[in-house]
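# Geometric and topological summary
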Amino acid sequence: MSKITLEESWKEILSDEFRKDYMISLRKYLKEEKKKIIYPPGPLIFRALDLVRFKDVKVIILGQDPYHGPGQAHGLSFSVETGIKIPPSLQNIFTELQNDLGIKKPKHGNLEKWSNQGVLLLNSILTVERGKAGSHAAKGWETFTDKILSNLSAQRNNLVFILWGKKAQEKGAFLNHEKHLVLSSAHPSPYSANRGFFGSKPFSKTNMYLKKNECGLINWCVEDHQSEK
């Protein structure tokens, strides 16, 4: 992790974390695992934070851990690099986006346009071994990302936290529901999307809240030629 850089506002907020025992242990673990293929590549581990400064965050979409297939993970929850086949959960997210706001499904799954508008696409766990979902669970990342969420909840106002699935909802249990909008539903996975994700309208609800609080709306279009109805 020595070659990894972090955007300055996050570095200031999280600097103490890197000196704590859990992070020292995590760094040691990742160093020991360097002979294995780990996703995403080192420079992209903190990509979600690098794209959205602390003061610019408007929305947090919480994922579990990175995609574990070749070329998929690039540091943003649910997002894949342009040119990579869109995973099933993201396909379902795009289905709900179309049903909610009338935005046609894009041809790629790169969500950086969301990040550039203040959507923090944060995974609970920031690394994974190739082909082994959840392989870096309970190594320390969860503590680190809890710190990110707790700082946002405590220091910012009128944020939208989008928690899809039981694990995300458990992780967000300490969020301040009085200061922020917390949207919870089933996970967009094909195994659960029909149990409350479809029809939950997270995108329109987010923009209604942001508009009410004069925070500026999110343009949820992923491709330049798209438009909302």
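The residue numbers shown here count from 1 along each chain, following its written sequence. Only residues with pLDDT of 70 or above have their local features reported here, since the model is predicted, and side-chain atom pairs are shown and tallied only from 80 upward, although totals for entire chains, interfaces and linings are computed over all residues. Side-chain figures throughout are based on the complete set of non-hydrogen atoms in the structure, without hydrogens or water.

### A few points about the sheet that holds strand β3 (residues 119-123)
We call two strands paired when DSSP finds no fewer than two bridges between them. Strands here mean DSSP runs of E at least two residues long; helices mean DSSP runs of H or I at least four residues long; both are numbered from the N terminus. Taken in spatial order, the four strands line up as β3-β2-β5-β6 in an open sheet, and their pairing is parallel. Of all strands in the sheet, those bounded by a partner on one side alone are β3 and β6 (181-185). Neighbour to neighbour, the strand axes of the sheet diverge by 15° on average, direction disregarded. Judged from the five bridges that link them, strand β2 (residues 59-63) and β3 form a sheet pairing that is parallel. If you follow Val59 over to β3, its bridge partner there is Val119. Angles shown run from 0 to 180 degrees and are taken between the N-to-C directions of axes, each axis being a line fitted to C-alpha atoms and, for helices, limited to the stretch in contact.

### What about the packing of helix α4 (residues 88-101) against helix α8 (residues 202-212)?
The contact between α4 and α8 brings their axes to 8 Å, and the two run at 55°. The angle between α4 and α8 falls in the class oblique. Contacts between α4 and α8 involve Ile93, Glu96, Leu97, Asp100 and Leu101 from the first element and Pro202, Phe203 and Ser204 from the second. Its residues placed into classes, the contact of α4 with α8 shows five nonpolar, one polar and two charged. Any angle that falls under 35 degrees is termed roughly parallel, while one over 145 is termed roughly antiparallel, one within 65 to 115 roughly perpendicular, and all others oblique. Whether two residues touch is decided by their heavy atoms; if any such pair falls within 4.5 Å, the residues are in contact. Nonpolar residues are Ala, Val, Leu, Ile, Met, Phe, Trp, Tyr, Cys and Pro. Charged residues are Asp, Glu, Lys and Arg, and all others, Gly as well, are polar.

### Remarks on the pairing of β3
Relative accessibility decides the category of a residue: with a 1.4 Å probe and only protein chains considered, values under 20% of the type maximum give buried, values over 50% give exposed, and everything between is partly exposed. When you tally the buried positions in β3, you get five out of five residues, the bulk of the element. Here β3 shows no split at all, with Val119, Leu121 and Asn123 on one side and Leu120 and Leu122 on the other all buried.

### Things to note about the side chain of Asp100
By the secondary structure assignment, Asp100 is in helix α4. One buried charged residue, Asp100, forms no salt bridge at all, with the nearest opposite charge on Lys201 at 4.4 Å. Counted as a polar contact is a pair of N or O atoms within 3.5 Å, where, for protein atoms, one must be capable of donating a hydrogen and the other of accepting one, and residues adjacent in sequence contribute only when both atoms are in side chains. Separated by 2.7 Å, the side chains of Asp100 and Ser204 make a polar contact. Other than its neighbours up to four places away in sequence, Asp100 contacts Lys201, Pro202, Phe203 and Ser204. Think of it this way: Lys and Arg go in the positive column, Asp and Glu in the negative one, and His and the chain ends go nowhere. What makes a salt bridge here is a side-chain nitrogen of Lys or Arg within 4 Å of a carboxyl oxygen of Asp or Glu, nothing more.

### Some words on helix α2 (residues 21-32)
The span you would expect from a helix comes to 1.5 Å times its residue count less one. For α2, spanning twelve residues, the distance from its first C-alpha to its last is 17 Å, which sits close to the expected 16 Å at 1.5 Å a residue. The set of residues buried in α2 consists of Tyr22, Met23, Leu26, Tyr29 and Leu30. Here the buried residues of α2 occupy an arc of 115° about the axis, which is enough to place them on one side. Turned more than 90 degrees off the buried face of α2, the exposed positions are Asp21, Lys28, Lys31 and Glu32. It is the directions from the helix axis to the C-beta atoms that the arc portrays.

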